[in-house]
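Survey of secondary and tertiary structure
What follows is each chain in one-letter form.
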Amino acid sequence: MPTGFHRESATIYQFPVRPPRAVSRFERARIMEREAADVCDAALDSCWYHDEAVRETDRPTKS
């Protein structure tokens, strides 16, 4: 059974850095508009599963 141990140090490799692709202000505006639309769709969704659950409780039960 060893009484001590030696850990090797991790080697860190630098990934090559690529310059960012130039984007026109019009293309940037289109991207931002698309992203905003996705957020709005999620925020304003009617939550169909909630509506369906409410509809189920409103249905008359057979007795």
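The preceding data block contains the structure.
Since this is a predicted model, take the numbers as computed values, not measurements. (Residues numbered from 1 in each chain as written. Predicted model: local features only at pLDDT ≥ 70, side-chain atom pairs only at ≥ 80, totals over all residues. Heavy atoms only, no water.)

**Quick look at the overall build of the chain**
For the chain, the count of helices and strands is 2 helices and 0 strands. Burial status across the chain gives 0% buried among its 63 residues. Carbon and sulfur atoms make up 58% of the accessible area of the chain, which totals about 7,200 Å². (Helix = DSSP H or I, 4+ residues; strand = E, 2+ residues; numbered from the N terminus. Buried < 20%, exposed > 50% of the residue type's maximum accessible area, 1.4 Å probe, protein only. Areas by Shrake-Rupley, 256 points an atom, 1.4 Å probe, with all protein chains shown as cover.)

**As for the pattern of salt bridges**
The final tally for this structure, using the stated rule, is 1 salt bridge. For E52, the salt bridge goes to R55, with nearest N and O atoms at 2.7 Å. In this pair, E52 and R55 both sit in helix α2 (residues 48-58), 3 residues apart, roughly one turn of the helix. (Salt bridge = Lys/Arg side-chain N within 4 Å of Asp/Glu carboxyl O.)

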